[in-house]
Amino acid sequence: MTPGRGGAEMEHGRTDFRIAKVAVVIPVHNEEQHLGRALDGVRAAADVLQASRPELDLAIVVVLDSCTDNSGAVAARIAASDPRFSMCHVAFRSVGRSRRAGVRTILNGHHKPDLEAGLPPATGTLWLANTDADSHVPEDWLVRQVMLADSGADAVLGTVEPDAAGMDGELLRRWHLRHTLAEDHPHVFGANLGVRASAYLLAGGFPRQRSHEDRVLVDRLRRRGFSVTSTDTVRVLTSGRTEGRAPHGLGAYLLALRMESAVALES
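For clarity, every value in this text was computed on a predicted model and none was experimentally measured. (Residues numbered from 1 in each chain as written. Predicted model: local features only at pLDDT ≥ 70, side-chain atom pairs only at ≥ 80, totals over all residues. Heavy atoms only, no water.)

1. Here we look at the pattern of salt bridges
Counted only if it meets this: Here a salt bridge means any side-chain nitrogen of Lys or Arg lying within 4 Å of a carboxyl oxygen belonging to Asp or Glu. Counting from the N terminus, the helices are the DSSP runs of H or I reaching at least four residues and the strands are the DSSP runs of E reaching at least two. Remark: exposure states derive from per-residue accessible area (1.4 Å probe, protein chains only) relative to the maximum for the residue type, with buried under 20%, exposed over 50%, and partly exposed in between.
Under the criterion given, the structure shown has 16 salt bridges. Between Arg 43 and Asp 40 there is a salt bridge whose closest N-O contact spans 3.0 Å. Within this pair, Arg 43 and its partner Asp 40 are both found in helix α1 (residues 32–52), separated by three residues, close to a single helical turn. When its relative accessible area of 37% is taken as the criterion, Asp 40 is described as partly exposed. Between Arg 173 and Glu 170 there is a salt bridge, with its nearest N and O atoms 2.8 Å apart. In this pair, Arg 173 and Glu 170 are both assigned in helix α5 (residues 169–178), three residues apart and thus about one turn of the helix distant.

This is how it looks when you write it as structure tokens:
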């Protein structure tokens, strides 16, 4: 098999890349302040997708990782009113392992994949959309990812933008100077990433690490020759806080950028 357009489907002689199911995975660690808005955004995006594609199956998995706040209660309230939502409880304190556990929950709901026997054909038409609990996706988030997947993309890398609300204006300006938000951009953001399940499995999935799990997965996909599309047509708004959950995540990056700015002003 030669990986690329359609990935594992080529191995099964498939030429239909049209998505039949979408699953959204959202890792959560003590995000009660942001989680309600994040889940409302995903729910709105799911509604828009199913309004345009009512035949699509859709599931949303909230992975609660070592939460000691009210994140579980926030997720439970939404899940009680929307059967598309389910919760998965883990104790990793690792965004990489949490994302991986959420994907595994989805895949086990299908057929547990056996790479030795070959991937089940259904994994080629399953789309795994990923965002974060402190982020807010636009209403066309899933529609746009599915459109690109139906055109043959094995992975879609969207952009993110820090929320200007409550964020220092100079810090936001410096962030934009360092991040090109355009088509074919060079960035990888776990808060705005989609991947075909077959490609995800053949690339080894999200690694079990506390940060940069998104970059590692995308590097693996590219090395195996899968089709990776980078786009700014769907931009996700994420928290501009400098107290992040992942040790080398966006919050830590913004903190370093703020400190750099402070040093520049003093010199």
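2. Re the packing of aromatic side chains
Here the distance between the centres and the angle between the planes together describe a pair of aromatic rings. Definition in use: To pair, rings of Phe, Tyr and Trp, with the six-membered ring standing in for Trp, must have centres within 6.5 Å; the planes then decide the type, stacked if under 30 degrees apart, edge-to-face if over 60, and tilted in the middle.
Counted by the stated rule, this structure contains one aromatic pair. Measuring from ring centre to ring centre gives 5.6 Å for Tyr 200 and Phe 206, while their planes differ by 65°; the resulting arrangement is edge-to-face. The exposure class of Tyr 200 is buried, given its relative accessible area of 4%. Owing to a relative accessible area of 1%, Phe 206 belongs among the buried residues under this scheme.

3. Describing the environment of Asn 70
Note on placement: Asn 70 falls in the loop between β2 (57–65) and α2 (71–81). Separated by 40 residues in the primary sequence, Asn 70 and Asn 30 have C-alpha atoms spaced 7.4 Å apart.

4. Brief notes about the pairing of β2
Convention followed: If DSSP finds at least two bridges between two strands, the strands pair. Orient the strands so they point away from the viewer; a crossover is then right-handed if the path from the first strand over the helix to the second runs clockwise.
Burial of β2 is extensive: eight of the nine residues sit out of reach of the surface. For β2 and strand β3 (residues 85–90), the ladder comprises six bridges, and the chain directions are parallel. For Leu 64, the partnering residue across the bridge sits in β3 and is His 89. Of the crossover connections in this fold, the one passing from β2 over α2 to the parallel β3 is right-handed.

5. A few points about helix α3 (residues 95–109)
The criterion, for reference: A helix is expected to span 1.5 Å multiplied by its residue count minus one. In what follows, a contact means two residues having at least one pair of non-hydrogen atoms within 4.5 Å.
With 15 residues, α3 ought to run about 21 Å at 1.5 Å a step, and its terminal C-alpha atoms sit 21 Å apart, in line with that. Turning to α3, its buried residues number three or more, namely Gly 96, Ser 98, Arg 99, Arg 100, Ala 101, Gly 102, Val 103, Ile 106 and Leu 107. Those residues of α3 hidden inside the fold are in contact with β1 (21–28), β2, β3, β4 (126–130), α6 (197–202) and α7 (213–223).

6. Considering the side chain of Asp 82
Just so we agree on the cut-off: The definition of a polar contact used here is a pair of N or O atoms within 3.5 Å, where within protein one atom must be able to donate a hydrogen and the other to accept one, and adjacent residues in sequence count solely through side-chain atom pairs.
Residue placement: Asp 82 occurs in the loop between α2 and β3. For Asp 82, a relative accessible area of 6% translates into the label buried. Here Arg 84 takes part through its side chain, which lies 2.8 Å from a polar atom of the side chain of Asp 82.

7. Considerations on the confidence of the model for the chain
The condition is simple: Confidence of the prediction at every residue is given by pLDDT, a number between 0 and 100.
Per-residue confidence for the chain gives a mean pLDDT of 85, with 79% of residues at or over 70. In the predicted structure, residues 1–15 sits below a pLDDT of 50 and forms 38 contacts with residues beyond four places in sequence or in another chain. Contacts from residues 262–267, a stretch scored under 50 in pLDDT, to residues over four places away or in other chains number one contact.

8. Overview of the sheet that holds β3
Under the convention used in this document: Comment: axis = line fitted to C-alpha atoms, over the contacting stretch for helices; angle = value between 0 and 180 degrees taken between N-to-C directions.
The eight strands are arranged β3-β2-β1-β4-β7-β6-β8-β5 in an open sheet whose pairing can be described as mixed. At either end of the open sheet lies a strand with only one pairing partner, and these are β3 and β5 (135–136). In this fold α1 packs onto β1, β2, β3, β5 and β8 (228–238), with an angle of close to 165° to the strand it touches most, β2.

9. Here we look at the nonpolar core
Keep this limit in mind: The set of buried Ala, Val, Leu, Ile, Met, Phe, Trp, Tyr and Cys residues whose side-chain atoms join them within 4.5 Å is what this entry labels a nonpolar core.
With 40 residues, the main nonpolar core has Val 22, Trp 141 and Leu 142 as its most contacted residues. When contributions to this core are tallied by element, the ones reaching two or more residues are β1, α1, β2, α2, β4, α4 (141–150), β6 (155–162) and β8. The residues touching Leu 142, leaving out its near neighbours within four places in the chain, are Val 22, Val 24, Ala 45, Ala 46, Leu 49, Leu 58 and Ala 129. Counting 29 residues, the second largest nonpolar core, distinct from the first, contains Leu 126, Leu 128, Phe 206 and Leu 217.

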